[in-house]
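# Commentary on secondary and tertiary structure
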Amino acid sequence: MNLVSGIDEPLVLGIETSCDETGVGIVRGTTLLADAVASSVDTHARFGGVVPEIASRAHLEAMVPTIQRALKDAGVAASDLDGIAVTAGPGLAGALLVGTTAAKAYAYALGKPLYGVNHLASHICVDQLEHGKLPEPTMALLVSGGHSSLLLAPDITSDVRPLGATIDDAAGEAFDKIARVLQLGFPGGPVIDRLAREGDPKAIHFPRGLTGSRDPAYDFSFSGLKTSVARWIEAKRNAGEEVPVRDVAASFQEAVVDVLTRKAVRACRDEGVDHLMIGGGVAANSRLRALAQERCDKAGITLRVPRPGLCTDNGAMVAALGAEMVARGRAASDWDLSADSSLPVTEPHVPGHVHDEGHEGHEGGHGHSHGHGHAHDHDHVHEISKDNLYS
């Protein structure tokens, strides 16, 4: 472990480019050394949402400076690294491609192993940087602009099981859409959270999706809630009445976090898990944190939520999962690693392919078996890099 530096814990650099933030983190074991982020959110704000092509171009411009800043902040040289981890998916295809291409270039140039990891699994693993090793199994509620999921992770590096997910709008997406209806700008989550603190969460009763006795126990739906709130606002405006923005924000937010926390606690009870981890950008929401803590305390469940800066997309979470991959001896990825915009959470990382028998078992090298079960010969670039991985 950390064969380059001689220290027990692996030193890994992580690159995150799944959406609009270029994140580069450096982790030694479970200790965060650097977390550099270059965000293009202000550029997207004028369009009311993320524009994929703009995000990709922003990643191209920010990549090298952000990596250099992370190395400087961590006080390490690139040659000291034990591996390069990168988000392989899910996310925006073009944005992911920038990250995976950069990671492959750095890994090859430095002679380091490459680890393509899953964005969602990374959101779970980042909690290790704040609260220590994840319990096994871990129950995770991930809530962001693109995902609302309940996941059971017996092993964050190899075994992540989906229990439930959104069937339409994700929670973060609903926040952005309601903020747009209220003319609050983009992104919507932070401003709704702020205004809701001054409003009455009981002022308006908005629907709680998929909470009936015959509904799926762990799935989420926020489309109906979004429509209900939008129609309520429209009715007020059509009647010439002032919209009580703070009460709407508080009541809408309460409907979202009520469903999220209720289902998460139920999943913990049903699965016999006494820990709940909440991650993703919406995990920065103050009311979600408060209500989750209240309900977990009542149910005897230990709640783990990273600080807000680690909940949003960042390179630290990718580095954290990469370091765990190295520590557990998981197979590195091949040089033909590609971006997969729909990479399932059941694949925490993308290990190497099956290779010729004569090459199998090479210590630390790329090319261990994985679920796809196909094979190809080593090309010249791959062979050279394998020889240099730990030199």
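Bear in mind that the values here come from a model prediction, so they are computed numbers and not experimental data.

Here Ser221 is to be found in the loop between α7 (188–196) and α8 (223–238). Side chain to side chain, Ser221 and Asp168 meet in a polar contact 2.6 Å long. Ignoring any residue separated from it by four or fewer positions in sequence, one finds Ser221 in contact with Ile167, Asp168, Gly209 and Leu210.

On to helix α12 (residues 315–327). Its 13 residues place the ends of α12 18 Å apart at the C-alpha level, agreeing with the 18 Å of an ideal helix rising 1.5 Å per residue. Among the 13 residues of α12, 12 are classified as buried, and the element is accordingly described as predominantly covered. Turning to α12, its buried residues are Gly315, Ala316, Met317, Val318, Ala319, Ala320, Leu321, Gly322, Ala323, Glu324, Met325 and Val326. One side-chain oxygen at the N-terminal end of α12 lies 3.1 Å from the backbone nitrogen of Ala316; it belongs to Asn314. Among the residues trailing α12, Gly329 stands out with phi positive, at a value near 70°.

Only a minority of non-glycine residues have a phi that is not negative, and only a minority of peptide bonds are not trans. The residue after Glu136, namely Pro137, is reached through a cis peptide bond having omega 0°. By the element assignment, Pro137 lies in the loop between α5 (128–131) and β6 (138–143). Cis geometry is found at the peptide bond from Phe186 to Pro187, where omega equals -5°. Residue placement: Pro187 occurs in the loop between α6 (171–181) and α7. Positive phi values are uncommon outside glycine, yet Gln183 reaches one of about 60°. Checked against the element boundaries, Gln183 lands in the loop between α6 and α7. Overall, the relative accessible area of 67% leaves Gln183 in the exposed class. The residue Leu210 is not glycine, and still its phi comes out positive at about 55°. Structurally, Leu210 can be placed in the loop between α7 and α8.

Evaluation of the coordinates by the stated rule reveals 20 salt bridges. A salt bridge links Arg328 to Glu136; its shortest N-O distance comes to 2.7 Å. Residue Arg328 is located in the loop between α12 and β11 (349–350), and its partner Glu136 is located in the loop between α5 and β6; the two are separated by 192 residues in the primary sequence. Between Lys177 and Asp169 there is a salt bridge, with the nearest N and O atoms lying 3.4 Å from each other. In this structure Lys177 comes out as partly exposed when scored by relative accessible area, which is 22%. A relative accessible area of 8% means that Asp169 is categorised as buried. A single salt-bridge network, built from bridges that share partners, covers Lys133, Glu136, Asp155, Glu324, Arg328 and Arg330.

What counts as what
- Residues numbered from 1 in each chain as written.
- Predicted model: local features only at pLDDT ≥ 70, side-chain atom pairs only at ≥ 80, totals over all residues.
- Heavy atoms only, no water.
- Helix = DSSP H or I, 4+ residues; strand = E, 2+ residues; numbered from the N terminus.
- Polar contact = N/O pair within 3.5 Å; in protein donor to acceptor, adjacent residues only side chain to side chain.
- Contact = heavy atoms within 4.5 Å.
- Expected span 1.5 Å × (residues − 1).
- Buried < 20%, exposed > 50% of the residue type's maximum accessible area, 1.4 Å probe, protein only.
- Salt bridge = Lys/Arg side-chain N within 4 Å of Asp/Glu carboxyl O.

These values are about where atoms sit, not about what they do.
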